[in-house]
Amino acid sequence: MKHVGHPLVGLSFSGAIGLTFLLLSCALEQYGVYWPLFVLFFYVLAPIPTFISRRLSDDSDVASNACRELAYFLTTGIVVSAFALPIIMARRAVIQLGACGLVMAGNIVIFVTILGFFLGFGGGDDFS
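Residues numbered from 1 in each chain as written. Predicted model: local features only at pLDDT ≥ 70, side-chain atom pairs only at ≥ 80, totals over all residues. Heavy atoms only, no water.

**Focus on helix α3 (residues 48-56)**
In an α-helix there are 3.6 residues to a turn, and that puts residues three or four apart on one side. For α3, the complete set of buried residues consists of P49, T50 and S53. Seen along its axis, α3 keeps its buried residues to an arc of 95 degrees; they face one direction. The secondary structure elements touched by the buried residues of α3 are α2 (39-45), α4 (66-91) and α5 (97-121). (Buried < 20%, exposed > 50% of the residue type's maximum accessible area, 1.4 Å probe, protein only. Helix = DSSP H or I, 4+ residues; strand = E, 2+ residues; numbered from the N terminus. Arc of directions from axis to C-beta. Contact = heavy atoms within 4.5 Å.)

So, in structure tokens, the structure goes:
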């Protein structure tokens, strides 16, 4: 049986760091608005297409799988939207540029954490 404690602790720590950046972009006194929290929707939506495609597609050795390719496309759209939303809010002066930078830093850390989860724990499970 594999010991999975250390990678899980690292992923939870990096997720906490990313959420700290996001919360700092809202809670610091000079920024004072909570609009950047809408990025949380993208954090929740990002892994869903990949979860669905891994559940529906068979693990054959085909070079390309249409279901998996569609999931990659949708996930890419969600990730790009998570980076675009704070930029648009900063351009429209809804949030300040410093808050936008903190949201971008949080996005990078959170999406690297999600990628690390899929790389570390994305293999076949014993229960399917």
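There's more to say after this.
**A word on the packing of α4 against α5**
Contact pair α4 / α5: the axes reach a minimum separation of 9 Å and the direction vectors enclose 170 degrees. Considering the angle they form, α4 stands roughly antiparallel to α5. Residues V79, A82, F83, P86, I87 and A90 of α4 form the contact with α5, whose own contacting residues are L97, C100, V103, M104, N107, I108 and F111. Of the residues contributing to the contact of α4 with α5, the split by class is twelve nonpolar, one polar and no charged. (Axes fitted to C-alpha atoms, helices over the stretch in contact; angles between N-to-C directions. Parallel < 35°, antiparallel > 145°, perpendicular 65-115°, else oblique. Nonpolar A, V, L, I, M, F, W, Y, C, P; charged D, E, K, R; others polar.)

**With respect to the nonpolar core**
Nonpolar side chains tend toward joint burial in soluble globular proteins. Counting twelve residues, the largest nonpolar core is built from L22, V39, F42, Y43, A46, I78, A82, V103, I110, F111, I114 and F118. Put simply, the parts of the chain that give this core at least two residues each are α2, α4 and α5. Once residues lying within four places of it in the same chain are set aside, the contact partners of F42 are I78, S81, A82, L85 and F111. (Core = buried A, V, L, I, M, F, W, Y, C linked by side-chain atoms within 4.5 Å.)

**Quick word on the environment of I87**
Secondary-structure assignment places I87 in helix α4. The class for I87 is partly exposed, based on a relative accessible area of 43%. Separated by 17 residues in the primary sequence, I87 and M104 place their C-alpha atoms 8.8 Å from one another.

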